[in-house]
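For reference, the chains in residue letters:
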Amino acid sequence: MTKLGLPDSVQVCLFDLDGVITRTAVVHAAAWKETFDEFLRERGGGGDEFRPFDAVADYNQFVDGLPRADGVRAFLASRGIKIPEGSPDDPPDRATVQGLGTRKNDLLLKRIRAGGVEAYEGSLRYIRAVRASGLRTAVVSSSTNCRDILRAVDAEALFDTRVDGVVAAERGLPGKPDPAPFLAAADDLGVEASAAAVFEDALAGMEAGRAGHFGYVVGVDRVGQADALRAHGADTVVTDLADLADPGELARPADRAGRADPSDQEPQA
């Protein structure tokens, strides 16, 4: 290991957004819960016992880290429910995969606009230190709201490239656990997967890191699932990214971008 808790071979760092950089996992879980609970109540109107969406267990197992439509399919399949796929322009009150996904996104955006996004300060300090050491960075997220969330926490300038739900749709990339989004980010930064470190909190992200044969995979345990993260591919697990570095390695909070000029550059799409 070298500085910042990473192998000498690592040249770039690829960070997931929700649960790694920002606390939006809680906001996502709340939006999913409201969406699914409303759907399940309406579907169970004939007297079936209502079993709500668990914002911890169901979120972590079925939707965390996945594109919205995949999350809808995975959770409903766990309940033995199959609904029409629908189309991307379905309204939020339509009982289709796409309609439920739209409903969830509307609720998420409402919470974000109400100030429901916070960053993990330890993660920001670590990312600044990574950049100050000369390593390049990317944010990799299934969210189509990634740029808005980064801007909300003043962190957009900390990344050289962004591969999110918008970019994935433009490039035709499959979502996690497929490694394609992380591989695309590494390619954007000009390195092979073996020279990249992946930072993830979701089990689907761990699987993507392992499947993509990345140089190092860091699991970030926010919910007490360290063993599961290791089982799904993590090389190491921490509860805060700052734990990877020695205190003296972490950049000062005032060092916003970690480099002299990244705030003057627009991240690549």
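Scroll up to find the structure this text is about.
Residues numbered from 1 in each chain as written. Predicted model: local features only at pLDDT ≥ 70, side-chain atom pairs only at ≥ 80, totals over all residues. Heavy atoms only, no water.

Colleague: How should I be thinking about the environment of phenylalanine 199 in this particular structure?
Modeller: With respect to the element layout, phenylalanine 199 can be found in strand β4 (residues 196–200). As a C-alpha pair, phenylalanine 199 and threonine 236 span 37 residues in sequence and 10 Å in three-dimensional space. (Helix = DSSP H or I, 4+ residues; strand = E, 2+ residues; numbered from the N terminus.)

Colleague: Honestly, the nonpolar core in this entry has me stumped. Any pointers?
Modeller: In globular proteins that are soluble, nonpolar side chains generally tend to be buried together. Counting residues in each nonpolar core, the largest one holds 40 residues, and the members touching the most others are Leu6, Phe15, Ile21, Tyr126, Phe199 and Leu241. Residue assignment for this core shows that the elements contributing at least two residues are β1 (12–15), α1 (24–43), α4 (97–113), α5 (121–132), α6 (146–152), β4 and β5 (216–220). By residue number, the principal contributor to this core is α5, which donates 5 residues. With near-sequence residues (within four places) excluded, leucine 241 lies in contact with Phe15, Val20, Gly122, Ser123, Tyr126, Phe199, Val218 and Val220. (Core = buried A, V, L, I, M, F, W, Y, C linked by side-chain atoms within 4.5 Å. Buried < 20%, exposed > 50% of the residue type's maximum accessible area, 1.4 Å probe, protein only. Contact = heavy atoms within 4.5 Å.)

Colleague: Could you clarify how one ought to interpret the pattern of salt bridges in this entry?
Modeller: It is possible for side chains bearing opposite charge to pair when their charged atoms get close. Tallied over the full model, the rule gives 19 salt bridges. We note a salt bridge from glutamate 38 to arginine 103, for which the minimum N-O separation is 3.1 Å. Of the two residues, glutamate 38 is situated in helix α1 and arginine 103 in helix α4; the sequence distance between them amounts to 65 residues. When the shortest N-O distance is used, the salt bridge between aspartate 58 and arginine 79 registers 3.4 Å. (Salt bridge = Lys/Arg side-chain N within 4 Å of Asp/Glu carboxyl O.)

Colleague: Would you take a moment to explain the sheet that holds β5 for this structure?
Modeller: The strands making up a sheet are joined through hydrogen bonds of the backbone, oriented either antiparallel or parallel. What the 6 strands build is an open sheet, ordered β3-β2-β1-β4-β5-β6; its pairing is parallel. Both outer strands of the open sheet, β3 (161–163) and β6 (236–238), are each paired with one neighbouring strand and no more. Strand-to-strand twist across the sheet, computed as the mean angle between neighbouring axes with direction ignored, equals 20°. (Pairing = 2+ DSSP bridges. Axes fitted to C-alpha atoms, helices over the stretch in contact; angles between N-to-C directions.)

Colleague: What should I look at first to understand the packing of aromatic side chains in this one?
Modeller: A ring pair, where both rings are aromatic, is described by two values, the distance of the centres and the angle of the planes. Overall, the coordinates contain 9 aromatic pairs when judged by the stated rule. Taking the centre distance of 6.3 Å and the plane angle of 65° together, the rings of phenylalanine 15 and phenylalanine 159 count as edge-to-face. Highlighted residues: phenylalanine 15 in strand β1 and phenylalanine 159 in the loop between α6 and β3, separated in sequence by 144 residues. One exposure class covers both phenylalanine 15 and phenylalanine 159, and it is buried. (Phe/Tyr/Trp six-rings, centres within 6.5 Å; stacked < 30°, edge-to-face > 60°.)

Colleague: Mind showing me how you'd approach the packing of α1 against helix α3 (residues 68–78) here?
Modeller: When two helices pack together, their arrangement is captured by the angle between the axes and the distance separating the axes. Running from N to C, α1 and α3 cross one another at 45°; their axes reach a closest spacing of 12 Å. Taken together, the axes of α1 and α3 lie oblique to each other. For α1 against α3, the interelement crossing comes out right-handed. Where α1 abuts α3, its residues Trp32, Phe36, Phe39 and Leu40 lie against Arg68, Gly71, Val72, Phe75 and Leu76. Within the contact of α1 with α3, the residues separate by chemical class into 7 nonpolar, 1 polar and 1 charged. (Parallel < 35°, antiparallel > 145°, perpendicular 65-115°, else oblique. Left-handed = near helix turned anticlockwise from the far one by under 90°. Nonpolar A, V, L, I, M, F, W, Y, C, P; charged D, E, K, R; others polar.)

Scope: geometric values only; no functional claims are made or implied.
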